[in-house]
Structures are given as structure tokens and as C-alpha cells.
Amino acid sequence: MSLQSSHIQKWSWKKSSGENMNRNWNSVNLTKQDAYSFRTFLSNNKIRFETSENGNLIHFEVLVNDDERKACDDFLSRI
């Protein structure tokens, strides 16, 4: 799977503030099966995230720096 798969939307950037100045919010929609794996990955790597349901998909908002974003992209390309 890659970020171009039909059930994953392109990451979108939002500015953050305060102590998270070097981090940005990113979003992605995943199937429920992939969401479980991604949630485990994020928790294991202590990456802040929030989720909500979006129809049959799970919507993630993830607060990451550049290195964490690359790690997320790499993980998503393998599931």
C-alpha cells in the first residue's frame, strides 16, 4: 500500500503552535484493518494522534515532525 492508494488521502498540512512549532498536523483516512496497525505503530513510537470515523474509514490527525512523517509514510507504504 502506498499513499496513492484509493483509501488513503494525501497528507494535509496544518500549522501548529506552542511547544510543537517544529511539528505539523497531518491527516489520512484508512480502512479499519489498516487503522488498527497504524494506531499501534503511532502508540509504539509515542506519536500524538487523534482519530474519528469517516464512514467506513478511520480518519487520523497526526502531529509529527519531518522525521516522524517520513517514518509514518514508510509504515503506510508497507501495509
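Please read these numbers as outputs of a predicted model, since none were measured by experiment.

Draft legend 1. Expanded view of the overall build of the protein chain. Of regular secondary structure, the protein chain possesses two helices and four strands. Its helices and strands in sequence order give the protein chain the pattern β-β-α-β-β-α, from N to C terminus. Relative to its full complement of 79 residues, the protein chain shows a buried share of 41%. Within the protein chain, residue pairs in contact and separated by at least 24 positions form 54% of the contacts whose partners lie at least 6 positions apart. Put simply, the protein chain shows about 5000 Å² of open surface, and 45% of that area lies on carbon and sulfur atoms.

Draft legend 2. Focus on the packing of helix α1 (residues 32-44) against helix α2 (residues 66-78). In contact at an axis separation of 11 Å, α1 and α2 are set at 150° when each is read in the N-to-C sense. Classified by the interaxial angle, the pair formed by α1 and α2 is roughly antiparallel. The handedness of the crossing between α1 and α2 comes out as right-handed. Taken together, the residues of α2 that come into contact with α1 (itself represented by S37, F38, F41 and L42) are A71, C72, F75 and L76. Residue classes in the contact of α1 with α2 are distributed as seven nonpolar, one polar and no charged.

Draft legend 3. Quick peek at the side chain of E68. Here E68 lies in helix α2. Here E68 falls in the buried class, since its relative accessible area comes to 17%. In this structure, E68 is in contact with R23, I47 and L63, ignoring residues within four places of it in sequence.

Draft legend 4. Structural context of the pairing of strand β2 (residues 24-31). Most of β2 sits out of view: seven of its eight residues are buried. Alignment of β2 against strand β4 (residues 57-64), held across eight bridges, turns out to be antiparallel. Residue pairing for β4: T31 is matched across the bridge by L57.

Draft legend 5. Molecular detail of α2. With 13 residues, α2 should reach 18 Å at 1.5 Å per residue; the first-to-last C-alpha distance of 19 Å fits that figure. Every buried residue of α2 is accounted for by E68, R69, C72, D73, F75 and L76. Within α2, the buried residues cover an arc of 165° as seen down the axis, which keeps them to one side. In α2, those exposed residues whose orientation departs by more than 90 degrees from the buried face are D66, D67, K70 and R78. In this structure, the buried side of α2 is in contact with β2, α1 and β4. Near the N-terminus of α2, the side chain that reaches the backbone nitrogen of D67, with its oxygen 3.1 Å away, is that of N65.

Conventions and cut-offs
- Residues numbered from 1 in each chain as written.
- Predicted model: local features only at pLDDT ≥ 70, side-chain atom pairs only at ≥ 80, totals over all residues.
- Heavy atoms only, no water.
- Helix = DSSP H or I, 4+ residues; strand = E, 2+ residues; numbered from the N terminus.
- Buried < 20%, exposed > 50% of the residue type's maximum accessible area, 1.4 Å probe, protein only.
- Contact = heavy atoms within 4.5 Å.
- Areas by Shrake-Rupley, 256 points an atom, 1.4 Å probe, with all protein chains shown as cover.
- Axes fitted to C-alpha atoms, helices over the stretch in contact; angles between N-to-C directions.
- Parallel < 35°, antiparallel > 145°, perpendicular 65-115°, else oblique.
- Left-handed = near helix turned anticlockwise from the far one by under 90°.
- Nonpolar A, V, L, I, M, F, W, Y, C, P; charged D, E, K, R; others polar.
- Pairing = 2+ DSSP bridges.
- Expected span 1.5 Å × (residues − 1).
- Arc of directions from axis to C-beta.
- Polar contact = N/O pair within 3.5 Å; in protein donor to acceptor, adjacent residues only side chain to side chain.

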